[in-house]
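Now for the letters of each chain:
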Amino acid sequence: MEKIIDEKQQGNALVMEPKTGNGKKLMIESYGCQMNFSDSEIVASILSKEGFDTTQNLEEADLVLINTCSIRDKAEQTVRKRLEKYNAVKKINPGMKVGVLGCMAERLKAQFLEEEKIVDLVVGPDAYKDLPNLINEVEEGRNAVNVILSKDETYGDISPVRLQSNGVSAFVSITRGCDNMCTFCVVPFTRGRERSRDPQSIMEEVNELAQKGFKEITLLGQNVDSYLWYGGGLKKDFKNASEMQKATATNFAALLRMVAEAHPKMRVRFSTSNPQDMTLDVIEAMAKYPNICKYIHLPVQSGSDRILKAMNRLHTREEYFELIDNIRKLMPDCAISQDMITGFPTETEEDHQDTLSLMEYVKYDFGFMFAYSERPGTMAARKLEDDVPEEVKKRRLTEIVNLQQQHSHFRTRQFVGKTVEVLIEKESKKSDAHWSGRTTQNTVAVFPKEQYKIGDFVNVKINDCTSATLIGEAVGYSENN
Ligand code: SAM
């Protein structure tokens, strides 16, 4: 099971409301994490000011942008296949320009122009404001590259255009980059050092979403718990800040409280939490405000102390258990999910058993599990041989996926017979007579539509479940409505 975000969305060309612009059509496709989908909304906003309209039809596009992911080799291969498809279309429509955005652009830089002859434009995650200039360059017949990583770019001043929106849930970026240097991970190299966005601009975006009728926001960052605003600048430079800046700084718990208090009827989610940075005050804020959803995505990657150390995860198995215990103590109904990597270099059968026993302890509600993929330039690639055979990685992956499925089913069964609040998001994939939404725990629930509509908060009595879905019937609007 390889999943970071709704797989159905992967690679979808995202569109905004049409308007009359310069007549030029932009197609933007996104792959990878939620952050990339959120970035594409910033890109669409920048280019809509230049007069571009979006399209889902490759054949009619003047500019095709592909927002890419480098997290595993497979993600990069998917993008390369898409570029082949663009190549075929470019033969019919030679005027069409192709640009690569995001992590692969940053990782491969100008090499892209040499390797993939059809690429005209290569733009890293911190250079999107330069897109209008870069597009001009391309229109004048030159290739254009900007992969400069920034110390302070957060796009806080750009109001994202909501792409493919259901009008109910939206992402709001709060940090960019990552300082963790997990040895397997390419993110610090492709997204740069960690910096936080001004809370005032975050609040403005959230207020605007509330005004437009959005019912749920997800605060996004590679490591949201590390959020720290002290007037701008890199997180690593906080130690050099003035006493005044230190005294008036805003941390993640304070930001969460601010958002939750400003809009008590709006659901607030966040992702991703790194265990080493999740503090008690965040858990306390979650427990205090009913509108902060009771769900934490808390990747652990391995249950073995030796492997955690080799991954530079900066916490032990015991410390992780303490965190889990604290979450359960303050919020017994809180759902927790994991990311796991199998077959990290040197992983033994015993390490793998430690992962399985950690999973038994937590009994996660969901999980996103991956076989280790060596990424060029990372510390693991430089120092450790990728020595776990592919078939062993796969077998271990199957074992943890199967165990996760049992745990997910154990968790969903706890809801049967209960009545839970569901925010309706869309029609069920399986039946046009049913709505699909999520509980505060992020579990999907489906139920007959009746008189309800998308965006309603509904109390749903759960009668049955699979390992991934609650099945029930509405019993009325919730008081949040
Ligand atoms: N920032 C988050 C964290 O620190 O946990 C998540 C970052 S990443 C976009 C999402 C997941 O991809 C990771 O949690 C990890 O499980 C997986 N991942 C990252 N690098 C990987 C690699 N080299 N091979 C396999 N999976 C990887």
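Everything below is about the structure printed above this text.
Residues numbered from 1 in each chain as written. Predicted model: local features only at pLDDT ≥ 70, side-chain atom pairs only at ≥ 80, totals over all residues. Heavy atoms only, no water.

Enquirer: Is there a simple way to explain the side chain of threonine 218 in this structure?
Expert: Among the secondary structure elements, threonine 218 is positioned in strand β10 (residues 216–220). When residues no more than four places from it in sequence are discounted, the contact partners of threonine 218 are Ala170, Phe171, Val172, Arg269, Phe270 and Ser271. (Helix = DSSP H or I, 4+ residues; strand = E, 2+ residues; numbered from the N terminus. Contact = heavy atoms within 4.5 Å.)

Enquirer: What's the story with the pattern of salt bridges in this structure? I'm lost.
Expert: Side-chain pairs of opposite charge can arise whenever the charged atoms involved come near each other. Within this structure, the stated rule accounts for 37 salt bridges. For aspartate 126, the salt bridge is made with arginine 176, and the minimal N-O distance between the two is 3.7 Å. Here arginine 176 lies in strand β8 (residues 175–176) and aspartate 126 lies in the loop between β5 (121–123) and α5 (131–139), a separation of 50 residues in the sequence. Taking relative accessible area as the criterion, aspartate 126 reaches 7% and is therefore assigned buried. With a relative accessible area of 2%, arginine 176 lands in the buried category. (Salt bridge = Lys/Arg side-chain N within 4 Å of Asp/Glu carboxyl O. Buried < 20%, exposed > 50% of the residue type's maximum accessible area, 1.4 Å probe, protein only.)

Enquirer: Explanation requested: the environment of lysine 85 in the structure shown.
Expert: Inspection of the secondary structure puts lysine 85 in helix α2 (residues 73–92). Residues lysine 85 and phenylalanine 457, spaced 372 residues apart in sequence, show a C-alpha to C-alpha distance of 42 Å.

Enquirer: Help me understand the sheet that holds strand β7 (residues 169–173), please; the structure alone is not making it clear to me.
Expert: Strand pairing in a sheet takes place through backbone hydrogen bonds and is either antiparallel or parallel in direction. Strand order in the open sheet formed by 3 strands is β7-β10-β13, with parallel pairing between adjacent strands. The open sheet terminates on both sides in strands that have one partner only, identified here as β7 and β13 (267–271). Between one strand axis and the next, the sheet turns through 25° on average, direction left out of account. Relative to β13, β10 runs parallel, the two being bridged by 5 bridges. Residue pairing in the sheet places leucine 219 in a bridge with phenylalanine 270 of β13. (Pairing = 2+ DSSP bridges. Axes fitted to C-alpha atoms, helices over the stretch in contact; angles between N-to-C directions.)

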